[in-house]
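Commentary on secondary and tertiary structure
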Amino acid sequence: MISDPRAPLHQLPAMTYKQMLEKVRYEGAYPTPERAEEAVRLVLAGLGRQLTGDERVDLAARLPFEAARVLTAQIPDTDPLTGWAFVKDLAARTGASLATTRWDTGAVFSAVAALAGPDLLTRILRQLPSGHALLFGRAELTPAA
């Protein structure tokens, strides 16, 4: 049987969950893999409450299965948060300091950006309110008034 050549091939994530945790552990300078996993679960759950539509589906397809499951288990909020409100929301949920939560977010989003690639990341940032680009390590560009 010949498959349709126009049909997209199923793409496996560029890294395993363990590799993702190691990248986050390195980026965040976490002492243990468990601490890195805690950050991954927290931040991806928060991102899952923000993303909708094709961007959510496409990102989940590029994440390792375990990470995609955390992202997609969340019901998106009806009122997306700005980047700073996102960090404050995560800190309030965990009782961690704003500085620690911002650090966690940057470490996890570094791995997410690598997995998403530049085109999907641009689409994601267009969907999210202001302030998220900086969390992903990108400049926040705003149109001139």
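Residue numbers here run from 1 along each chain, matching the order of that chain's written sequence. With pLDDT at 70 or above as the cut-off, local features in this predicted model cover only qualifying residues; side-chain atom pairs require 80 or more to be listed or tallied, and sums for whole chains, interfaces and linings still use all residues. The side-chain figures draw on all heavy atoms in the structure; neither hydrogens nor water molecules are used.

Overview of the overall build of the protein chain
Where we set the bar: In this text, helices come from DSSP runs of H or I with a minimum length of four residues, and strands from runs of E with a minimum of two, each type numbered from the N-terminal end. Residue exposure (1.4 Å probe, protein chains only): buried if accessible area is under 20% of the type maximum, exposed if over 50%, otherwise partly exposed. Two residues qualify as a contact provided that any one of their heavy atoms is within 4.5 Å of a heavy atom in the partner residue.
Broken down by element type, the protein chain carries seven helices and zero strands. Mapped in sequence order, the helices and strands of the protein chain form the string α-α-α-α-α-α-α. Expressed as a percentage of its 145 residues, the buried residues of the protein chain come to 39%. Taking the contacts inside the protein chain whose residues are at least 6 apart along the sequence as the reference set, 65% of them involve residues at least 24 apart.

Some details on the environment of Arg25
In this structure, Arg25 sits in helix H1 (residues 17-28). Spatially, the C-alpha atom of Arg25 lies 7.7 Å from that of Arg35, the residues being 10 residues apart in sequence. Apart from residues lying up to four places away in sequence, Arg25 is in contact with Tyr30, Pro31, Thr32, Pro33 and Ala36.

A few points about the side chain of Gln50
As for its placement among the helices and strands, Gln50 is situated in the loop between helix H2 (33-48) and helix H3 (53-62). If sequence neighbours within four positions are ignored, Gln50 has contacts with Asp77, Pro80, Leu81, Phe86, Gln127 and Leu128.

A look at the confidence of the model for the protein chain
The criterion, for reference: On a range of 0 to 100, pLDDT expresses the predictor's confidence in each residue.
In this model, the protein chain carries an average pLDDT of 90, and 88% of its residues clear a pLDDT of 70 or more. The model gives residues 1-9 a pLDDT under 50, and that stretch makes zero contacts with residues more than four places away or in other chains.

Side note on the nonpolar core
Formally: Put simply, a nonpolar core is a bunch of buried Ala, Val, Leu, Ile, Met, Phe, Trp, Tyr and Cys residues held in one set by side-chain atoms that sit within 4.5 Å of each other.
In this structure, Met20, Leu44, Leu47, Leu59 and Leu63 are the most contacted members of the largest nonpolar core, which totals 41 residues. When residues of this core are traced back to their parent elements, those giving at least two are H1, H2, H3, helix H4 (65-72), helix H5 (83-94), helix H6 (98-127) and helix H7 (132-135). When neighbours within four sequence positions are excluded, Leu47 is seen to be in contact with Leu59, Leu71, Phe86, Phe109, Val112 and Leu128.

Some thoughts on the pattern of salt bridges
Here is the rule we go by: Counted as salt bridges are all cases of a side-chain nitrogen of Lys or Arg within 4 Å of a carboxyl oxygen of Asp or Glu.
Here the structure, examined in full by the defined rule, presents nine salt bridges. As a salt-bridge pair, Lys23 and Glu27 come within 3.5 Å of each other at their nearest N and O atoms. With Lys23 and Glu27 both in helix H1, this residue pair falls four residues apart, about one helical turn. Judged by relative accessible area, Glu27 falls into the partly exposed class, the value being 36%. Of the charged contacts in the structure, one is a salt bridge between Arg35 and Asp104, with a shortest N-O distance of 2.9 Å. Here Asp104 lies in helix H6 and Arg35 lies in helix H2, a separation of 69 residues in the sequence. One salt-bridge network, in which partners are shared between bridges, spans Arg35, Glu38 and Asp104.

Section: unusual backbone geometry
Of note, Ala29 is a non-glycine position whose phi angle comes to about 55°, a positive value. Assessed through its relative accessible area of 60%, Ala29 is described here as exposed.

Some details on the side chain of Arg56
What counts here: His is not counted here, nor are the chain ends, while Lys and Arg score as positive and Asp and Glu score as negative. Residues adjacent in sequence count toward polar contacts only when both atoms are side-chain atoms; beyond that, a polar contact is any pair of N or O atoms within 3.5 Å, and within protein one must be able to donate a hydrogen and the other to accept it.
One can find Arg56 in helix H3. We note that Arg56 is buried and unpaired, the nearest opposite charge coming from Asp77 at a distance of 9.0 Å. A distance of 2.5 Å separates a polar side-chain atom of Arg56 from the backbone oxygen of Gly48. Setting aside chain neighbours within four positions, we find Arg56 in contact with Gly48, Leu51, Leu71, Thr72, Ala73, Gln74 and Pro76.

Focus: the packing of H3 against H6
Convention followed: The convention used is that axes are lines fitted to C-alpha atoms, helices contributing only their stretch in contact, and that angles between N-to-C directions extend from 0 to 180 degrees. Working definition: roughly parallel below 35 degrees, roughly antiparallel above 145 degrees, roughly perpendicular at 65 to 115 degrees, and oblique for all remaining angles. Gly is put with the polar residues, along with every residue not named as nonpolar or charged; the nonpolar set is Ala, Val, Leu, Ile, Met, Phe, Trp, Tyr, Cys and Pro, and the charged set is Asp, Glu, Lys and Arg.
Direction vectors running N to C along H3 and H6 enclose 175°, while the axes themselves pass 10 Å from each other. On the basis of the axis angle, H3 is roughly antiparallel to H6. Judged by residue contacts, Asp54, Glu55, Asp58, Leu59 and Arg62 of H3 engage Val112, Leu115, Ala116, Gly117, Leu120, Arg123, Ile124 and Gln127 from H6. Residue composition of the contact of H3 with H6, by class: six nonpolar, two polar and five charged.

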